Amino acid sequence: MKGLKKYLEYVKNPKLQLTKNQMAYYYFLNGILYSEKNIFKSENYMQKALDLGLKFKPNIAIAKLNLAIASLSKGNKKRAEFLLLEAKKMDIYGLLHDQIQIINIQMKKINIGNINIPNPYVRKKF
């Protein structure tokens, strides 16, 4: 990670120094760099990378997995489910299978989005 940060700091202005495809991977690598420290900053970088057009399916799967984690941490369970499904489709080699399963298990434990479900322990009025 130190070496990655060192080389990414050489790029002062990515819009002028890099082509569109290179900018996509520049933002992708920045997203990976910040994924451990600041998930919301990582989310911004990953979204920029996807918007600019990552080429390889495993990289797209990693970006979508990181976006799903960020969405889940914000409390948006439906978007996280959608992004996990997209990441699963893009993971053609099965490299992220374990991580996707872990996130699915964590999503089942979290009861975000079930606000309108009535409490089964409350007595009904007749």
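Residues numbered from 1 in each chain as written. Predicted model: local features only at pLDDT ≥ 70, side-chain atom pairs only at ≥ 80, totals over all residues. Heavy atoms only, no water.

**Here we look at the pattern of salt bridges**
Moving on, step 1. Applying the stated criterion across every chain, the model contains 3 salt bridges.
Moving on, step 2. Of the charged contacts in the structure, one is a salt bridge between Glu43 and Lys74, with a shortest N-O distance of 3.0 Å. Linking Glu43 in helix H4 (residues 39–52) with Lys74 in helix H5 (residues 57–74), this pair joins segments that are 31 residues apart in sequence.
Moving on, step 3. For the salt bridge of Lys64 with Glu86, the shortest nitrogen-to-oxygen distance reads 3.3 Å. With Lys64 in helix H5 and Glu86 in helix H6 (residues 77–90), this residue pair connects regions lying 22 residues apart in the sequence.
Moving on, step 4. Judged by relative accessible area, which is 15%, Lys64 ranks as buried.
Moving on, step 5. The buried category is assigned to Glu86, whose relative accessible area is 17%. (Salt bridge = Lys/Arg side-chain N within 4 Å of Asp/Glu carboxyl O. Helix = DSSP H or I, 4+ residues; strand = E, 2+ residues; numbered from the N terminus. Buried < 20%, exposed > 50% of the residue type's maximum accessible area, 1.4 Å probe, protein only.)

**Brief notes about the packing of aromatic side chains**
Moving on, step 1. Across all of its chains, the model carries 5 aromatic pairs by this definition.
Moving on, step 2. Between Tyr27 and Tyr45, the ring centres sit 6.0 Å apart and the planes meet at 20°, which makes this aromatic pair stacked. Residue Tyr27 is found in helix H3 (residues 20–34), and its partner Tyr45 is found in helix H4; the two are separated by 18 residues along the sequence.
Moving on, step 3. A relative accessible area of 17% places Tyr45 in the buried class.
Moving on, step 4. The interplanar angle of 20° and the centroid separation of 5.7 Å between the aromatic rings of Tyr34 and Tyr45 together place this pair among those described as stacked. Linking Tyr34 in helix H3 with Tyr45 in helix H4, this pair joins segments that are 11 residues apart in sequence. (Phe/Tyr/Trp six-rings, centres within 6.5 Å; stacked < 30°, edge-to-face > 60°.)

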